[in-house]
Amino acid sequence: MATLQQILGTELPLIQAPMAGIQVSAMAIAVSNAGGLGSLPCAMLSPDVMRSELAAIRAGTDRPYNVNFFCHTPPVPSTEREATWRAALAPYYAEFGIDAASIPTGPGRNPFSAEVADLLAEFKPPVVSFHFGLPPAELLARVHGWGAKVLASATTVEEALWLEAHGADAVIAQGLEAGGHRGHFLSHDLTKQLGTFALLPQLVRAVKVPVIAAGGIADASGVAAAMALGAAGVQVGTAYMLTPEATTSAIHRAALKSEAARHTALTNLFTGRPARGIVNRVMRELGPIGAAAPEFPLATSGIAPLRAKAEAKGSGDFSPLWSGQNAAGCREVSSAEVTRALAQGFHASL
Ligand SMILES: Cc1cc2nc3c(=O)[nH]c(=O)nc-3n(C[C@H](O)[C@H](O)[C@H](O)COP(=O)(O)O)c2cc1C
């Protein structure tokens, strides 16, 4: 079987996790140039920004890189659910003097689409990764058509088998420790979600494609442990969040560096889907999992003005402070340096 490095064309079997909202091309370029696979998360980028970020990557590195997308089915907006959500947030709107009627509704994140495939075809990225399943077969065939390798997150054995059967070239075992959105897509039952070291060996046994470990890996010994459990490589996110290449806000950086980062939880309050972040005021008071939040990604617009008002006062009370369970590995060094430090963990296994 081909190694992950052979599949990705990289020196290291190390993927910098795509992290929508906290990094763009600068981190991807730095990691790819350091021998890993840098990633551009596209879930929150407009087509124009996506095009300029892809152009920046092409100008900044001649090494392989990854482009990442969400592939959820956009929900039919429900006025009733939106009203329930606004009612739950009403005391906060009053506290901050926000006129609820002035808040626009609308999605916060867009799924992979035919238009995006057209745009990507101009660049033919060598690796494309997906969260929340895979796009429809005809779109996936277009991605494979220009020779791209396809990766996708699995959070259960069933999801890994499904991804393998539907064309993924490797699966990412996303353990429960991971920061950001859970990638589950076959079942929304959170009790089925497993920790990295329970999930990883089960996926290695279940599928023939390479399995990449993600969630809670923040240093060389974590990398070595994942490789010892049969991982073909690792995907690391949180450990890159304090690097100068990250666009992580000052409020978010301060939270990651504080003792508050020891307490994370899955919450649906910021987008409508469970994602792991540092526990803050709105998570404590309305959740962390709240029944009033509308379906992903429609919860975003209702909470956005609260976040803006609170952040203007220097508070992260209403911000999604995404973090994995192991923020202790975050260091304020360059993304290249984080990559080199993690690479030490492969020496025993490569
Ligand atoms: C701030 C943040 C944003 C994330 N955004 C994305 C994303 O846009 N697409 C994606 O596939 N995964 C995303 N993830 C999840 C990562 O792919 C990965 O599963 C996770 O970072 C691994 O766990 P770790 O954070 O403990 O290293 C995000 C993670 C974080 C921390």
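Residues numbered from 1 in each chain as written. Predicted model: local features only at pLDDT ≥ 70, side-chain atom pairs only at ≥ 80, totals over all residues. Heavy atoms only, no water.

Taken together, the three strands give an open sheet; going across it, the order is S7-S11-S10, and neighbouring strands pair in antiparallel fashion. Unpaired on one side and paired on the other, strand S7 (180-181) and strand S10 (264-267) mark the two borders of the sheet. The pairing of S7 with strand S11 (residues 275-278) spans two bridges and is classified as antiparallel. Within S11, the position partnered with Gly180 by the bridge is Arg276. (Pairing = 2+ DSSP bridges. Helix = DSSP H or I, 4+ residues; strand = E, 2+ residues; numbered from the N terminus.)

So, on to helix H9 (residues 220-228). Residues of H9 that are buried include every one of Gly222, Val223, Ala226 and Met227, and no others. Mapping the buried residues of H9 onto a view down its axis gives an arc of 135°, with all of them on the same face. Turned more than 90 degrees from where H9 packs its buried face, Ser221 and Ala228 sit exposed. Summarising the contacts, the buried residues of H9 are in contact with helix H8 (196-206), strand S8 (211-214), strand S9 (233-236) and helix H13 (335-343). (Buried < 20%, exposed > 50% of the residue type's maximum accessible area, 1.4 Å probe, protein only. Arc of directions from axis to C-beta. Contact = heavy atoms within 4.5 Å.)

This paragraph deals with the domain arrangement of the protein chain. Along its sequence, the protein chain is carved into domain 1 (1-72 + 109-245 + 334-350) and domain 2 (75-107 + 249-329). Taken together, the contacts link 25 residues of domain 1 with 22 residues of domain 2. Buried area between domain 1 and domain 2, both sides added, is near 2000 Å², and the carbon and sulfur share of it is 61%. In this assembly, domain 1 and domain 2 are joined by zero salt bridges. On the surface where domain 1 and domain 2 come into contact, there are ten residue pairs in polar contact (both at pLDDT 80 or more). (Domains from an automatic or database assignment. Buried area = accessible area lost by both parts, 1.4 Å probe. Salt bridge = Lys/Arg side-chain N within 4 Å of Asp/Glu carboxyl O. Polar contact = N/O pair within 3.5 Å; in protein donor to acceptor, adjacent residues only side chain to side chain.)

Here we take up the site of the ligand. In the neighbourhood of the ligand, 22 residues make up the surrounding shell, with Pro18, Asn68, Gly216, Gly237 and Thr238 lying closest. A distance of 2.8 Å is found between a nitrogen atom of the ligand and a side-chain nitrogen or oxygen belonging to Asn68. The separation between an oxygen atom of the ligand and a polar side-chain atom of Gln235 is 2.9 Å. Taking 590 Å² as the accessible area of the ligand by itself, protein coverage stands at 98%. Sorting the residues of the shell around the ligand by element identifies strand S3 (65-70) and S9 as the ones contributing at least two each. Within the shell around the ligand, the residues separate by chemical class into eleven nonpolar, eleven polar and no charged. (Near = heavy atom within 4 Å. Areas by Shrake-Rupley, 256 points an atom, 1.4 Å probe, with all protein chains shown as cover. Nonpolar A, V, L, I, M, F, W, Y, C, P; charged D, E, K, R; others polar.)

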